[in-house]
Amino acid sequence: MSRQFFRFALAAFAAGVVLAHAPALAADAAKGKAAFMKYGCWQCHGTEGQGSAITSAGKVLAPDPLPLETFAAFVRSTDRAMPPYSELALPPADLADIHAYLSSIPKAKDYKTIPLLNQ
Ligand code: HEC
């Protein structure tokens, strides 16, 4: 086997390893949106994490959600108005996707940048 072929094979193998693992590692905002609906978070927090007008019904989660670790710790261990979700009820990958979804929600524009609202 030539040295060049060996290098090629090694590179192809490495690329395969990276590609095969990418979906498992990267949190996915689109999947997170589906999970946010599936696990019922939207019922209290609104479909975009905007929270509820009834303050006891669900806090604002987006834009700018808590950092993932704090976010996850709360969801796992809350014992107040929100029911806790164990890893059995809500797998860590789905929780990371939910966090990615909430992180992907853009901030509302400053009204000053919208011409129609400044006439
Ligand atoms: C039954 C209604 C309800 C459901 C369903 C619900 N939440 Fe909540 N959530 C709340 C309430 C109420 C609070 C405020 C609780 C508190 O301060 O103790 C809260 C707080 C939070 C917080 C803390 C926010 C902060 O800034 O302190 C996070 C994070 C959160 N929820 C995520 C989720 C996720 C993710 C889901 C779905 C897996 C979910 N919640 C489902 C009612 C709900």
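For the structure, check the block above.
Analysis parameters
Each chain has its residues counted from 1, running along the sequence as written. Local features in a predicted model are, by the rule used here, given only for residues with pLDDT of at least 70; side-chain atom pairs are given and counted only at 80 or more, and totals for whole chains, interfaces and linings are based on all residues. Computation of side-chain values covers all heavy atoms of the structure but excludes hydrogens and water. For cavity detection a 1 Å grid was placed over the protein atoms alone, and a set of points counts as a cavity when a 1.4 Å probe fits there but cannot get out; an open set counts as a pocket when protein lies on both sides within 12 Å along at least five of seven lines, with lining residues being those that have an atom within 4 Å of a point. Grid points are joined across faces, edges and corners, and a volume is the space filled by probe spheres set on the points. Runs of H or I in DSSP of at least four residues are treated as helices and runs of E of at least two as strands, each being numbered from the N terminus. Each patch is assembled from residues with relative accessible area greater than 30% and no salt bridge, linking like charges that lie within 9 Å and nonpolar side chains (Val, Leu, Ile, Met, Phe, Trp, Tyr) that lie within 5 Å. Shrake-Rupley sampling with a 1.4 Å probe provides the accessible areas, and residues are treated as covered by the protein chains on show and by no other component. Salt bridges are identified by distance alone: a Lys or Arg side-chain nitrogen within 4 Å of an Asp or Glu carboxyl oxygen. Using a 1.4 Å probe on the protein chains alone, a residue whose accessible area is under 20% of its type maximum counts as buried, one over 50% counts as exposed, and one in between counts as partly exposed.

Participant: Looking at this model, I keep getting lost on the layout of surface pockets. Mind explaining?
Facilitator: Unfilled space is identified by rolling a water-sized probe across the atoms. Considered as a void within the structure, the largest pocket measures approximately 700 Å³ in volume. Along its surface, the largest pocket is lined by 31 residues, and His 45, Lys 59, Leu 61, Phe 74 and Met 82 are the ones closest to its centre. Top contributing element to the lining of the largest pocket by residue count: helix H3 (residues 41-45), with 4 residues.

Participant: Please clarify how a nonpolar patch on the surface should be interpreted in this entry.
Facilitator: A cluster of nonpolar side chains, Tyr 111, Leu 116 and Leu 117, forms an exposed patch at the surface whose accessible area comes to about 360 Å². With respect to the helices and strands, the residue Tyr 111 is situated in the segment after helix H5 (92-104). What makes Tyr 111 partly exposed here is its relative accessible area of 47%.

Participant: Would you explain unusual backbone geometry in this entry?
Facilitator: Most of the time, phi is negative for any residue but glycine, and the peptide bond is trans. Cis geometry is adopted by the peptide bond preceding Pro 63, which originates at Ala 62 and carries an omega value of -5°. Looking at the element boundaries, Pro 63 is found in the loop between H3 and helix H4 (68-77). Although it is not a glycine, Asp 64 sits at a positive phi angle of roughly 65°. Mapped onto the fold, Asp 64 is located in the loop between H3 and H4. The exposure class assigned to Asp 64 is exposed, which follows from its relative accessible area of 57%.

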